[in-house]
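Here is how the chains run, residue by residue.
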Amino acid sequence: MRIAGLLFATCLAVSAYASEDIADQYPGSALYSKPVEVIPHVWSAIGATAPPSYENSGHNNNLSFIVTGDGVIVINGGAAYVLAKALHEEIKAVTDQPVKLVIDENGQGHAMLGNSYWSEQGVPILAHVDAAHEIEENGRRILEAMKKYNRDKAAGTFVAPPTETFEDRHLVEMGNFRIEVLHLGPAHGPGDTQVWLPEQGLVIAGDMAFHERMLPIFEDTIVADWLETWESGFEALNATYVIPGHGHPTNMDQVRRYTHGYLTYLRTKIGEHLENGGELADAYYVDQSPYAQLDTFEELATKNAGRVYEQMEFE
């Protein structure tokens, strides 16, 4: 465990210079960055903290993989065929073990559009039932939105639904790893999935946890439910290592501060605004300065405040 900790610290030190202002860290690949070994046998290609763009090929989330000793498990299909293919090339440079499973962390484009590549390789794809429904209902629209920014880099991408689904928990025992694929409850979006390695104390948290970029609150993101899921399920894992959905590997203190802490802070500010008779038009501008250093703050802060106001107005 001490060796794992040293490797983890080294990984953080090497990648600490990342910023949403860096368009592409790995020009020789479609991937935004070269995969790093977070702890032994667990790798992640850390995506940009900026919004998806042609420059980053839509790689603005984390594409991870576990080399189990009896095959490789990939977490996230990626935002396009070209990204999944590029990740596979990196996997083949690390090991000759075949990819045996892909897990989508949710039904968003950057988690599932690269399923198109993996489906052509005959690899099973696992997702939560709600994520599968999201892909079925909105997959075509998500694909068309990706084509607009990725243009020629969208070539080969099509909507490939998961081949397997689960509801609360799916156990994978492969090689030297026991892997629990979890849906702890409603959080950022439909079908949010966490991949928990209990023996290693590492969670691939998906969009349950943010820390380097501001989290987005979508129309279907119920903040009170996200907080309850965090408190009743995510904290109970007591993870040592966290690979979040976006941003570099870190620890629980960091993601707690910038996810649970931010959501609690924003609900408190909006609650005060409502108690003072404040209207929606002014709610957009409640003070969020303690989080202004986060990437995507400018794009998301006012939207988040407005959506929390709408949720709390009639609580």
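**Some points on the nonpolar core**
Core analysis: the largest hydrophobic core is formed by 38 residues, its most contacted members being M214, W226, W230, F234, L263, L266 and I270. Those elements giving two or more residues to this core turn out to be β11 (202-206), α6 (223-234), α7 (252-275) and α9 (297-312). Looking at this core element by element, the count peaks at eight residues for α7. The residues contacting W226, other than those within four sequence positions of it, are P186, A187, H188, D207, M208, F210, L215, P216, T221, T259 and L263.

**Digging into the pattern of salt bridges**
Under the counting rule described, the total for this entry stands at 11 salt bridges. For D70, the salt bridge goes to K100, with nearest N and O atoms at 3.5 Å. Here D70, found in the loop between β3 (63-67) and β4 (72-75), pairs with K100, found in strand β5 (residues 99-103); they are 30 residues apart in sequence, far enough to count as distant. For D70, a relative accessible area of 42% gives the class partly exposed. Residue classification places K100 among the partly exposed residues on the basis of a relative accessible area of 33%. The partner of E180 in a salt bridge is R178, and the shortest N-O contact between them spans 3.7 Å. The class for E180 is buried, based on a relative accessible area of 14%. In the salt-bridge network here, residues are joined through shared partners; they are R169, E173, R178 and E180.

**Notes on a negative patch on the surface**
A cluster of acidic side chains, namely E219, D220, E279, D282, E310 and E313, defines a negative patch on the protein surface. One can find D220 in the loop between β11 and α6. A relative accessible area of 42% places D220 in the partly exposed class.

**Re the environment of A301**
Its place among the elements puts A301 in helix α9. The exposure class of A301 is buried, given its relative accessible area of 5%. Each C-alpha atom of the pair A301 and D287 lies 9.6 Å from the other, and the pair is 14 residues apart in sequence. When sequence neighbours within four positions are dropped, the list of residues in contact with A301 reads M214 and Q288.

**Some points on the sheet that holds strand β8 (residues 169-174)**
Ordered in space as β8-β9-β10-β11-β12, the five strands form an open sheet in which the pairing is mixed. The two strands at the open ends of the sheet, each matched to only one other strand, are β8 and β12 (241-244). When the angles between neighbouring strand axes are averaged without regard to direction, this sheet yields 15 degrees.

**Description of the sheet that holds strand β6 (residues 125-128)**
If you trace the seven strands from one edge of the open sheet to the other, you get β1-β2-β3-β4-β5-β6-β7, paired in mixed fashion. Edge positions in the sheet fall to β1 (36-39) and β7 (164-166), since each has one partner strand and no second. Averaged over all neighbouring strand pairs, the angle between strand axes comes to 25 degrees, with direction disregarded. Relative to β7, β6 runs parallel, the two sharing three bridges. Paired with L126 across the bridge in β7 is E164. The sheet contacts of helix α2 (residues 81-94) involve β2 (42-45), β3, β4 and β5, and relative to β3 the element is tilted by about 30 degrees. On top of the sheet, helix α5 (residues 129-150) reaches β6 and β7; it is set at about 100 degrees to β6, its chief contact.

**Let's talk about α5**
Approximately 70 degrees is the largest bend angle found in α5, and it occurs at N138. When we look at burial in α5, the residues that qualify are A131, A132, E134, I135, G139, I142, L143, M146 and N150. For α5, the elements touching its buried residues are α3 (109-112), β6 and β7. The first or second residue beyond α5 is R151, which carries a positive phi of 45 degrees.

**Examining the pairing of β5**
Where burial is concerned, most of β5 is hidden: four out of the five residues are buried. Alignment of β4 against β5, held across four bridges, turns out to be parallel. Each residue of the ladder has a partner; that of V72, found in β5, is V99. The parallel pair β4 and β5, bridged by α2, forms a crossover whose chirality is right-handed. Both β5 and β6 contribute to a ladder of two bridges, which runs parallel. For I103, the partnering residue across the bridge sits in β6 and is L126.

Analysis parameters
Residues numbered from 1 in each chain as written. Predicted model: local features only at pLDDT ≥ 70, side-chain atom pairs only at ≥ 80, totals over all residues. Heavy atoms only, no water. Core = buried A, V, L, I, M, F, W, Y, C linked by side-chain atoms within 4.5 Å. Buried < 20%, exposed > 50% of the residue type's maximum accessible area, 1.4 Å probe, protein only. Helix = DSSP H or I, 4+ residues; strand = E, 2+ residues; numbered from the N terminus. Contact = heavy atoms within 4.5 Å. Salt bridge = Lys/Arg side-chain N within 4 Å of Asp/Glu carboxyl O. Patch = residues over 30% accessible without salt bridge, like charges linked within 9 Å, V, L, I, M, F, W, Y side chains within 5 Å. Areas by Shrake-Rupley, 256 points an atom, 1.4 Å probe, with all protein chains shown as cover. Lys, Arg positive; Asp, Glu negative; His and termini not counted. Charge placed at Lys NZ, Arg CZ, Asp CG, Glu CD. Pairing = 2+ DSSP bridges. Axes fitted to C-alpha atoms, helices over the stretch in contact; angles between N-to-C directions. Bend = angle between axes of the 7 residues up to and from the residue. Right-handed = clockwise from strand over helix to strand, strands pointing away.

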